[in-house]
Amino acid sequence: MTEKVLKGRGACHGIAIGTAYTVRETDSVSAAPPQRMSGDASAEAVRLEAAKERAAGELDALYQKTLSDAGEEAAEIFSIHGMLLEDEDICLALKDQLASGYTAEYAVFVALEDVAQSFFAMDDPYLSARGADVLDIRGRLLRCLGFGTQESAELPRDAIVIARDLSPSQTASLDTKRVKGIVTAAGSVSSHTAILARSMGIPAVIGVGDELLRCVRDGDTVVVDGRVGEVLPSPSQDELSEARKRLADYLESEEQLTLLKGLETVTPDGQKIELCANVGSVRDLDSVIASDAEGIGLFRSEQLYLERMSAPNEEEQLRVYRELLLRMGQKRVIIRTLDVGADKQVGYLGCEKEENPALGLRAIRLCLDRPVLFRTQLSALFRASVYGRLGIMFPMITSVCEVERILALCDEVKSDLAARDVPFSADVEIGIMIETPAAAVISDRLAPLVDFFSIGTNDLTQYTLAIDRQNPSLDGYLDTHHEAVLRLIELTVKNAHAHGTRVGICGELAADTGLTEFFLRAGVDELSVAPSEVLRVRGKVRNG
Ligand code: PEP
Ligand code: MG
């Protein structure tokens, strides 16, 4: 790695070589119009209405474009923006500013600043993130009022978009035929920009730091490696040839992987391992099916609870679980029960603020604390079980007593369904996540109680190494192959197999092909990885 390589976080796999195109700050949502009085409030109201209409038309077009470029999940952000444009509180705030005599531009700027700040101040991360959407809407309305520059269409044919940060609108407006890569100074991997880049399949590196804007000028050649989060500005001839070779190899290996579809995940000497996919939403099912995964090893059901104002009811959940099971046919689907708390806060659950939320009332602790919430989910799951091959998995287990309480609750829910003649399958498999050192150490006591274990290496690593998984400044301490974690995995598999209990791995480590051999040697029965990683892991198992 040369000294000028910039490091960030890979938000979307792939390599791109192209020409830098900077999206300037003045094109962004933060530019302020001058504070002016208009003298004619009703004329300003008419201008504002016209701007809103134009903005709504643009959002509609963006929704359609994103729908066809990147799918429904990515496009949804623009229907949220459309709703915000009509939001009662926002309309009232705008009216108040116009009534004070300000120009439409200044009224929009001030009113939406207040609304955005009140979102930013909210504890619920979903609602807090809406602040950025309000600012995005504000930028659009200001442009529609004639303030600021229009989004440029002058992209080079092989553009690497460079920006301090990109709004979802800016990202979705990018011409996917011309944009080969995205690099931002700010941003997090879970931002809407990163989500959009992933669904559009554009290699992206984010969070590179402000050095990016000092090092890269428009027209420079830039190499982006989204697999390792590296950006190389102005490569020398040798570096460029090396990057071109890397790109060709990458494209060829991607092409080769598609040949593995339909093949078994089996080593040359006949050891089979079940290769499944992790998903967060039914919208991911197309990519799961396209990936040729052998089942779903982890459905993160909390996604159903996160982006809303109240918990989903039993019928709503049943619809989602039924769709998952029906679409996966005979393949096993493991649904994890609600895992919120820590980094996933849900405002409407009214949890107390905690000093150390990762060690707090999260996951199974919260569910056992809220029996109505928990029973609703269990009832929906058992009812859905008649539509396919269901496994129910419980997160963040630390003790035998928790598992006994869960099993007793499952029995109660089943008795209740039976008493009402509501059908459910007798073959639902019950499993727990091994993601605390406590659970791994007492896995010999836990194994006889359940049908399967799934090792959550993301949390197991966090809790074993005492490294907050949310804190990027601890990256230097993070040894993902730490012997302590690997030994806990071996111990868990050994204890599970002594009782005939199946063991999978569903944390990010499952996709680490540097460990595939170790997992096979340890006797792991299943690996569950992101759909885009399925064929790569199959290739590693088959070819070593
Ligand atoms: C894990 O902890 O490894 C896991 C799969 O769960 P999550 O990442 O959702 O906490
Ligand atoms: Mg976890």
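Residues numbered from 1 in each chain as written. Chains lettered and ligands numbered in written order. Predicted model: local features only at pLDDT ≥ 70, side-chain atom pairs only at ≥ 80, totals over all residues. Heavy atoms only, no water.

Assigned secondary structure in the protein consists of 21 helices and 16 strands. Counting only C-alpha atoms and orienting by the principal axes, one finds that the protein spans roughly 80 × 65 × 40 Å. Residue burial in the protein is summarised as follows: out of 544 residues, 50% are buried. Long-range pairs, those at least 24 residues apart, make up 69% of the contacts in the protein with a sequence separation of at least 6. (Helix = DSSP H or I, 4+ residues; strand = E, 2+ residues; numbered from the N terminus. Buried < 20%, exposed > 50% of the residue type's maximum accessible area, 1.4 Å probe, protein only. Contact = heavy atoms within 4.5 Å.)

For the rest of this paragraph, the subject is the sheet that holds strand β3 (residues 15–23). Taken together, the 8 strands give an open sheet; going across it, the order is β1-β8-β7-β3-β4-β5-β6-β2, and neighbouring strands pair in mixed fashion. The outermost strands of the open sheet, each flanked by one partner alone, are β1 (6–7) and β2 (9–12). Relative to strand β6 (residues 204–206), β2 is paired through 3 bridges, and the arrangement is antiparallel. In the sheet register, Gly10 faces β6, and the bridge partner there is Val205. Helix α9 (residues 237–257) rests against β3, β7 (221–225) and β8 (230–233) of the sheet, and its axis sits at about 115 degrees to β3. (Pairing = 2+ DSSP bridges. Axes fitted to C-alpha atoms, helices over the stretch in contact; angles between N-to-C directions.)

Right, let's get into the site of ligand 1. The local shell around ligand 1 holds 13 residues, among which Arg300, Arg336, Gly456, Asn458 and Arg469 are the closest. Glu435 is positioned such that a nitrogen or oxygen atom in its side chain is 3.0 Å from an oxygen atom of ligand 1. Within the backbone of Gly456, one N or O atom sits 3.4 Å away from an oxygen atom of ligand 1. Here ligand 1 has 290 Å² of accessible area as a free molecule, and 98% of this is covered by the chains. (Near = heavy atom within 4 Å. Polar contact = N/O pair within 3.5 Å; in protein donor to acceptor, adjacent residues only side chain to side chain. Areas by Shrake-Rupley, 256 points an atom, 1.4 Å probe, with all protein chains shown as cover.)

Coordination sphere of the magnesium ion (ligand 2), protein contribution only: Glu435 (OE) and Asp459 (OD), at 2.1 to 2.2 Å. One end of the pair, Glu435, is in the loop between β13 (429–434) and α16 (437–441); the other, Asp459, is in helix α18 (residues 457–465), with 24 residues separating them in the sequence. Taken individually, Glu435 and Asp459 each receive the classification buried, so the pair is uniform in this respect. (Donors = N, O, S within 2.8 Å, 3.2 Å for Na, K, Ca; no water.)

To continue, consider the domain arrangement of the protein. By domain assignment, the protein separates into domain 1 (6–24 + 151–239), domain 2 (27–144) and domain 3 (274–543). In this structure, domain 1 and domain 3 have C-alpha centres spaced 34 Å apart. (Domains from an automatic or database assignment.)

Let us look at unusual backbone geometry. Of note in the backbone geometry, Asp421 takes a positive phi value of approximately 60 degrees without being a glycine. Positive phi is not limited to glycine here, since Ala466 has a value of about 55 degrees. Within the secondary structure layout, Ala466 lies in the loop between α18 and α19 (483–498). The exposure class of Ala466 is exposed, given its relative accessible area of 69%.

Here we take up the pairing of β3. Most of β3 is tucked away, with 9 of its 9 residues classed as buried. Note: β3 against β7, 5 bridges, orientation antiparallel. The partner of Ala16 across the bridge, within β7, is Val224. Of the strand pairs in this sheet, β3 and strand β4 (residues 159–163) are connected by 5 bridges, and their pairing is parallel.

On to the side chain of Glu526, then. Locating Glu526 in the fold gives a position in strand β16 (residues 526–529). Within the structure, the side chain of Glu526 is placed 3.0 Å from the side chain of Arg502, a separation counted as a polar contact. With residues up to four places along the chain from it excluded, the contact list for Glu526 reads Ile273, Glu274, Cys276, Gly297, Arg332, Ile334, Arg502, Val503, Gly504 and Ile505.

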